[in-house]
Amino acid sequence: MSRKRGVNIFNAKLREEFSFIKKAKTESDVLCEVCNTGFSIMHRGRRDIESHIKSKNHQNALHAATSSHTLNRYLKSSTLTGTDAHIAACEGVWAFHVISSNHSFRSADCASKIIRSCFAMSKFSCARTKCEAIATGVFTPFVLQELQKDLNDCHFFTILTDASNHGSTKMFPILVRFFSEKDGVKVKIIDLVDAHGESSEIIVNLLNSAMNKLNRNKKLVAFCGDNAGCNFGNVNRTQLYPGLIGVGCAAHIVHNTLKKACDKMPFDVEMIVVKIY
């Protein structure tokens, strides 16, 4: 036992023998990492450590440490193989099916139990929470990454939006339309946001925010929206993007055209429709 002026110190030999004991503030003060207790070995040295090991506090902490598992046991590795990889692929396919079929995430609660029962997949657990997590954390970043590649390859694109009432909330899907040499004309959604109103200022701010995310302002050539005044009755959009072409709603244009044409017809259109039916 090393001594310094009649005082026991925590030396290399004790450090090697008791690996869970660390030196504290002074050479005679130590800290037990098992029970997180500090004590002094100034008077008896090794016997102080042995007495601490026999203490009730240390024994309880040691028992808890040996009977507990680390969190790593409950976390899966980022690299999946075998059965885990197959289950992960099945869960991804199911989440894609829920999205593409426009099902509610809530429907996945029951369907997940049916899949486990009918296909003997005890580890399959893709209910509403995991479905949503796969959609937002896996599919969405991948789709946006592919959209960025497509916009890099195209020369020009058009941005489109129109409000849709969902209860008391105004939902604004924001889409882009562009021409791909490989697939022709493509329309893809870049964002779906909600707003508290439908004024021209709100719409312009939403579109401008979406354009800042894309960072492709120089390729924007046209804006397509409803024929309402909030879309085309304000000069905000032309100030932000000079030379921007305004394209009205094609369905409304066709409807107005047919309405005017029917008014000019020399016979009753309603009568003809009834007879054809």
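In case you missed it, the structure is sitting above this.
Remember, it's a predicted structure, so these values are computed and weren't measured experimentally. (Residues numbered from 1 in each chain as written. Predicted model: local features only at pLDDT ≥ 70, side-chain atom pairs only at ≥ 80, totals over all residues. Heavy atoms only, no water.)

**Q** Can you walk me through the overall build of the chain in this structure?
**A** What the chain contains, in helices and strands, is 11 helices and 11 strands. A total of 277 residues make up the chain; the buried ones form 27% of that total. For the chain, restricting intrachain contacts to residue pairs at least 6 apart in sequence, the fraction spanning at least 24 positions comes to 44%. Of the roughly 19100 Å² of accessible surface on the chain, 57% is carried by carbon and sulfur atoms. (Helix = DSSP H or I, 4+ residues; strand = E, 2+ residues; numbered from the N terminus. Buried < 20%, exposed > 50% of the residue type's maximum accessible area, 1.4 Å probe, protein only. Contact = heavy atoms within 4.5 Å. Areas by Shrake-Rupley, 256 points an atom, 1.4 Å probe, with all protein chains shown as cover.)

**Q** Before we go on, may I ask you to explain the pattern of salt bridges in this structure?
**A** Note that side chains of opposite charge can pair when their charged atoms are close. According to the stated counting rule, one finds 9 salt bridges in the structure shown. One salt bridge in this structure joins D109 and R128, with 2.6 Å as the shortest N-O distance. A residue pair is termed long-range when its members are at least 10 positions apart, and D109 in helix 5 (residues 107-118) and R128 in helix 6 (residues 128-153) qualify at 19 residues. Classification of R128 as partly exposed rests on a relative accessible area of 36%. (Salt bridge = Lys/Arg side-chain N within 4 Å of Asp/Glu carboxyl O.)

**Q** Would you explain the pairing of strand 9 (residues 184-195) in this entry?
**A** By the bridge criterion, 11 bridges tie strand 8 (residues 169-180) to strand 9 in an arrangement that is antiparallel. Paired with L175 across the bridge in strand 9 is I189. Adjacent in sequence and paired antiparallel, strand 8 and strand 9 are bridged by 3 residues. (Pairing = 2+ DSSP bridges.)

**Q** Any chance you could explain the environment of V185 here in plain terms?
**A** On the secondary structure map, V185 appears in strand 9. The exposure class assigned to V185 is exposed, which follows from its relative accessible area of 61%. Those residues in contact with V185, other than ones at most four positions away along the chain, are R177, F178 and F179.

**Q** Got a minute to help me understand unusual backbone geometry in this structure?
**A** The phi angle of most residues is negative, glycine excepted, and most peptide bonds adopt the trans form. Of note in the backbone geometry, N36 takes a positive phi value of approximately 55 degrees without being a glycine. Topologically, N36 is positioned in the loop between strand 4 (29-32) and strand 5 (37-40). One non-glycine residue, A120, lies in the positive phi region at around 50 degrees. Relative to the assigned elements, A120 resides in the loop between helix 5 and helix 6.

**Q** I tried to follow the packing of aromatic side chains on my own but got confused; where do I start?
**A** Ring pairs (aromatic) are described by centroid distance and by the angle formed between their planes. Following the criterion strictly, the structure yields 2 aromatic pairs and no others. Seen in terms of ring centroids, F18 and F20 are 6.3 Å apart; in terms of plane orientation they differ by 85 degrees. Their pairing is edge-to-face. With centroids separated by 6.1 Å and ring planes inclined at 85 degrees, the aromatic side chains of F96 and F139 adopt a geometry described as edge-to-face. With F96 in helix 4 (residues 82-100) and F139 in helix 6, the pair connects residues that are 43 residues apart, well separated along the chain. Take F96: its relative accessible area is 51%, and that puts it in the exposed class. Assessed through its relative accessible area of 22%, F139 is described here as partly exposed. (Phe/Tyr/Trp six-rings, centres within 6.5 Å; stacked < 30°, edge-to-face > 60°.)

**Q** Explain the pairing of strand 6 (residues 157-161) here, please?
**A** Side chains on a regular strand alternate between the two faces of the sheet. With 5 of its 5 residues buried, strand 6 lies for the most part within the structure. Here strand 6 shows no split at all, with F157, I159 and T161 on one side and T158 and L160 on the other all buried. Both strand 6 and strand 10 (residues 220-224) contribute to a ladder of 4 bridges, which runs parallel. When the sheet's bridge partners are listed, I159 is paired in strand 10 with F223.

**Q** Explain the packing of helix 4 against helix 6 to me, please; I cannot follow it from the model alone.
**A** For any two helices packed against each other, the geometry is given by the interaxial angle and the distance between the axes. Here helix 4 crosses helix 6 at 90 degrees, and the two axes come no closer than 9 Å. Here helix 4 is positioned roughly perpendicular relative to helix 6, judged by the angle of their axes. On helix 6, the residues touching E91, G92, W94, A95, F96, V98 and I99 of helix 4 are K130, C131, I134, A135 and F139. Its residues placed into classes, the contact of helix 4 with helix 6 shows 9 nonpolar, 1 polar and 2 charged. (Axes fitted to C-alpha atoms, helices over the stretch in contact; angles between N-to-C directions. Parallel < 35°, antiparallel > 145°, perpendicular 65-115°, else oblique. Nonpolar A, V, L, I, M, F, W, Y, C, P; charged D, E, K, R; others polar.)

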